[in-house]
Amino acid sequence: MTVADRDLDGRRYRGAAPGQRQQQRRARLVEAATDAFGTEGYRNTTVTTICGNAGVGKRYFYESFTDSEDLLLEVYRDVTARMLEALHQGLADPGADLDTQVRVGLTAYFQLIHDDPRVPRIAFFEILGVSPAVDRAYHEVLDALVDICLALITPHVDVAEHPAASVRTVLYGLVGAILIIAQKWVLDGYRAPLGDVVDSSCLVIGAVLDRIGPHE
């Protein structure tokens, strides 16, 4: 009986149960794909390459993923979760004023984009135009970004003049503006200082808040 057979028939191998071994292989595949998609590009990467870099036999790839697109979706979910978590840092201190929360969240967001260029390449560029299923995942992330913004600014909005549906529509435009700023920064090779990019983004957000917030 081979090592692979021992793993597949439900016995423990090297102290790990089969389910745990599968999770470990899946994690290695996701990390290898993140590196490959984020450096060489999704369309330039094969399943064989990913398996080789992950140290996982090709047949084990298909116990976790149906195809490379399925793996791309998992990688996209992973990197965007990191981006959303960075933005959530601005909400970690509910006692802070709104400007501070916005600045903290944006600083963490742009810092992540700067420190790990794989993240923006996957989230901004490699994900586009792959398939309708991947496009849906992209728009789901946009919805999540708008949800974060809505939770942050709703207490500061004049709801009598700007109903929730109207504010949500405005926030789609605001999120789009921040994404364009981020994409342009990446395409320019991070030429502008991080602080300047954050300041510019805060200015855009502040302009919107000044318009829809309550006025004395």
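Sequence order sets the numbering: in each chain, residues are counted from 1 along the sequence as written. Predicted model: local features are reported for residues with pLDDT of at least 70 only, side-chain atom pairs are reported and counted for 80 or more only, and whole-chain, interface and lining totals are derived from all residues. By convention in this description, side-chain values take in all heavy atoms of the structure and omit both hydrogens and water.

Got a minute to help me understand helix α5 (residues 68-88) in this structure?
A turn of α-helix holds 3.6 residues, and therefore any two residues three or four places apart point the same way. Put simply, DSSP H or I for four residues or longer makes a helix, DSSP E for two residues or longer makes a strand, and each gets a number counted from the N terminus. In this analysis, the expected span of each helix is defined as 1.5 Å times one less than the number of residues it contains. For α5, built from 21 residues, the straight-helix expectation of 30 Å at 1.5 Å per residue is met to within 8% by its first-to-last C-alpha distance of 30 Å. A 1.4 Å probe rolled over the protein chains alone gives each residue an accessible area, and that area as a share of the maximum for its type sets the label: buried under 20%, exposed over 50%, partly exposed in between. Along α5, the residues classified as buried are Leu-71, Leu-72, Leu-73, Val-75, Tyr-76, Val-79, Thr-80, Met-83, Leu-84, Ala-86 and Leu-87.

Just checking my understanding: could you explain the environment of Asp-35 for this structure?
As for its placement among the helices and strands, Asp-35 is situated in helix α2 (residues 18-39). Put simply, Asp-35 and Glu-161 are 126 residues apart on the chain and 47 Å apart in space, counted from C-alpha to C-alpha. The contact criterion used throughout is that any non-hydrogen atoms of two residues lie within 4.5 Å. Ignoring any residue separated from it by four or fewer positions in sequence, one finds Asp-35 in contact with Glu-40 and Arg-118.

How do you make sense of the packing of helix α8 (residues 132-153) against helix α9 (residues 164-187) when you look at a structure like this?
Two measures define how a pair of helices packs: the angle their axes make with one another and the distance between the axes. Remark: α8 packs on α9, axes separated minimally by 9 Å, with the N-to-C direction vectors making an angle of 115°. With respect to α9, the element α8 is oriented roughly perpendicular. As α8 runs across α9, the sense of the crossing is right-handed. Packed against α8, whose contacting residues are Tyr-138, Leu-142, Asp-143, Leu-145, Val-146, Asp-147, Cys-149, Leu-150 and Ile-153, the element α9 presents Val-167, Arg-168, Leu-171, Tyr-172, Val-175, Leu-179 and Gln-183 at the interface. When the residues that make up the contact of α8 with α9 are grouped by side-chain class, the tally is 12 nonpolar, 1 polar and 3 charged. Structural elements are reduced to axes, namely lines fitted to C-alpha atoms, with helices fitted over the stretch in contact, and the angle between N-to-C directions of any two is expressed from 0 to 180 degrees. Should an angle fall under 35 degrees it is taken as roughly parallel, and over 145 as roughly antiparallel, whereas 65 to 115 is taken as roughly perpendicular and any remaining angle as oblique. The crossing is said to be left-handed when, going from far helix to near helix, the turn is anticlockwise and less than a right angle, and right-handed when the turn is clockwise. Residue polarity is assigned by list, with Asp, Glu, Lys and Arg as charged and Ala, Val, Leu, Ile, Met, Phe, Trp, Tyr, Cys and Pro as nonpolar; anything else, Gly included, falls into the polar class.

Looking at this structure, how should I read the pattern of salt bridges?
Side-chain pairing between opposite charges can occur once the charged atoms of the two side chains come close. Salt bridges are defined by distance alone: a side-chain nitrogen of Lys or Arg within 4 Å of a carboxyl oxygen of Asp or Glu. Summed over all chains, the structure comprises 12 salt bridges. Between Asp-35 and Arg-118 there is a salt bridge, with the nearest N and O atoms lying 3.8 Å from each other. Placement of Asp-35 in helix α2 and of Arg-118 in helix α7 (residues 118-126) is noted, with a sequence separation of 83 residues between them. Three or more residues joined by partner-sharing salt bridges are found here, namely Glu-31, Asp-35, Arg-82, Asp-116 and Arg-118.

By themselves, these figures tell us nothing about what the structure is for.
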